[in-house]
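What follows is the residue order along each chain.
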Amino acid sequence: TSSISLAKRSTEISSREALNWTNLGFVYQNLISFVDGVDKLSEDAYNRAGELRPGDPAFAYRIGLLYINKFDLIRQLVIAKGIDSSSGTEAARQEIKKAEDNLKKAIELSPNFGLGIYSLGTAYDRQGEVGEAIAQLEKIIPFNSDQPGLNFELGLLYYRAGRKNDAL
């Protein structure tokens, strides 16, 4: 409660500062597994930050991550609590689509935004679109030779796609 109050207060004191809105969005985002409906509040705060800094892909990217997190949360609830899998699956599908749309928006704003490209690959992977996930990672691998984890992840995707030689 105090975190929300302080973050809200900073937006009231300096409502034209994008970082204040980003902070509020981040506070809400971290409560997603505890409070229903906080995802919308987080998205609204990030969108307000985006209005203050048009052309900055960071805010659409953060919204994309927000909805990847919500997708994962719904999936966990379906498994752990035995929630009706058809309604849970549809709700999860809607959240991952929101993530995909926002990550695409971030990449449109900055075509070389590596974190956005990587996260879009993550969203595709969550949707079972392994080929699309591979395509996203293949875009960023040449520019991230110092990140061996990316090659490892790409290898796992290749393996799942039946491309065992590429995986090796």
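Notes on the structure in this doc start here. Everything numeric here is computed off the predicted structure, so don't read it as measured data.

**Re the overall build of the protein**
Summing up its helical and strand segments, the protein has 9 helices and 0 strands in all. In sequence order, the protein lays out its α and β elements as α-α-α-α-α-α-α-α-α. If you line up the protein on its principal axes, its C-alpha atoms span 60 × 40 × 20 Å. Going through the 168 residues of the protein one by one, you find that 40% of them count as buried. A separation of at least 24 residues holds for 52% of the contacts in the protein among residues at least 6 apart in sequence. When the accessible area of the protein is evaluated, it comes to approximately 9,700 Å², of which 53% is carbon and sulfur surface. Each charge sign in the protein was given a centre, from 20 positive and 22 negative side chains, and these centres are 2 Å apart.

**A few points about the pattern of salt bridges**
Following the criterion strictly, the structure yields 16 salt bridges and no others. Among the ionic pairs, Glu90 bridges to Arg93, the shortest N-O distance being 3.2 Å. With Glu90 and Arg93 both in helix 5 (residues 85-109), this residue pair falls 3 residues apart, about one helical turn. A relative accessible area of 47% means that Arg93 is categorised as partly exposed. Connected through salt bridges with shared partners, the residues Asp39, Lys70, Glu95 and Lys98 form a single ionic network.

**Quick look at the environment of Lys97**
Within the secondary structure layout, Lys97 lies in helix 5. Exposure remark for Lys97: the relative accessible area of 38% places this residue in the partly exposed category. On a C-alpha basis, the gap between Lys97 and Ala123 in space is 8.1 Å, while along the polypeptide they are 26 residues apart.

**Re the packing of aromatic side chains**
Following the criterion strictly, the structure yields 1 aromatic pair and no others. Between Tyr61 and Phe113 the ring centres are 5.2 Å apart and the planes differ by 75°, which places this aromatic pair in the edge-to-face class. Highlighted residues: Tyr61 in helix 4 (residues 58-81) and Phe113 in the loop between helix 5 and helix 6 (114-126), separated in sequence by 52 residues. Residue class for Tyr61 comes out buried when judged on its relative accessible area of 14%. Across from the ring centre of Tyr159, 4.8 Å away, lies the NZ or CZ of Lys164, which sits over that ring.

**Thoughts on the packing of helix 7 (residues 130-140) against helix 8 (residues 148-160)**
Remark: helix 7 packs on helix 8, axes separated minimally by 10 Å, with the N-to-C direction vectors making an angle of 155°. Of the possible angle classes, the one that applies to helix 7 and helix 8 is roughly antiparallel. The chirality of how helix 7 crosses helix 8 is left-handed. Counting all contacts with helix 7, which are made through Val130, Ala133, Ile134, Leu137, Glu138 and Ile140, the residues of helix 8 involved are Leu150, Glu153, Leu154, Leu157, Tyr158 and Arg160. The residue inventory of the contact of helix 7 with helix 8, partitioned by class, reads 9 nonpolar, no polar and 3 charged.

**A look at the side chain of Asn102**
Tracing the sequence through the fold places Asn102 in helix 5. Apart from the residues within four sequence positions on either side, Asn102 is in contact with Ala60, Ile63 and Gly64.

**Quick notes on helix 2 (residues 18-29)**
Here helix 2 spans 16 Å end to end across 12 residues, near enough to the 16 Å set by a 1.5 Å rise per residue. Burial analysis of helix 2 places 9 of its 12 residues in the buried class, the great majority of the element. Every buried residue of helix 2 is accounted for by Ala18, Asn20, Trp21, Thr22, Leu24, Gly25, Val27, Tyr28 and Gln29. The inward-facing, buried residues of helix 2 abut helix 1 (2-13), helix 3 (38-52) and helix 4.

Quick notes on the rules
- The numbers attached to residues start from 1 for each chain and follow its sequence in the written order.
- At least 70 in pLDDT is required for a residue's local features to be given in this predicted model, at least 80 for side-chain atom pairs to be given and counted, and no such filter applies to totals for whole chains, interfaces and linings, which use all residues.
- Working from all heavy atoms in the structure, the side-chain values ignore hydrogens and water.
- For helices the rule is a DSSP run of H or I covering at least 4 residues; for strands it is a run of E covering at least 2, with both sets numbered from the N terminus onward.
- Buried, partly exposed and exposed residues are distinguished by accessible area as a fraction of the type maximum, computed with a 1.4 Å probe on protein chains only: under 20%, between the cut-offs, and over 50%, respectively.
- Here, residues are in contact when the closest pair of their heavy atoms is within 4.5 Å.
- In these tables, accessible area is a Shrake-Rupley quantity obtained with a 1.4 Å probe, and a residue counts as shielded only by the protein chains included in the view.
- Only four residue types enter the charge count: Lys and Arg as positive, Asp and Glu as negative, with His and the chain ends excluded.
- The atoms used to mark charge sites are NZ of Lys, CZ of Arg, CG of Asp and CD of Glu.
- The salt bridge definition used is simple: a Lys or Arg side-chain nitrogen within 4 Å of an Asp or Glu carboxyl oxygen.
- Pairing of aromatic side chains here covers Phe, Tyr and the six-membered ring of Trp, requires ring centres within 6.5 Å, and sorts the geometry by plane angle: under 30 degrees stacked, over 60 edge-to-face, intermediate tilted.
- Lysine and arginine charges are scored as sitting over a ring when NZ or CZ, respectively, is within 6 Å of the ring centre and within 35 degrees of the ring normal.
- Helix axes use the C-alpha atoms of the stretch in contact, all axes being lines fitted to C-alpha atoms, and the angles between their N-to-C directions lie in the range 0 to 180 degrees.
- By the definition adopted for this analysis, an angle is roughly parallel if under 35 degrees, roughly antiparallel if over 145, roughly perpendicular if from 65 to 115, and oblique otherwise.
- We call a crossing left-handed when the near helix sits turned anticlockwise from the far one by less than a right angle, and right-handed when that turn is clockwise.
- For this scheme, ten residues count as nonpolar: Ala, Val, Leu, Ile, Met, Phe, Trp, Tyr, Cys and Pro. Four count as charged, namely Asp, Glu, Lys and Arg, and the remainder, Gly too, count as polar.
- Multiplying one less than the number of residues by 1.5 Å gives the expected span of a helix.

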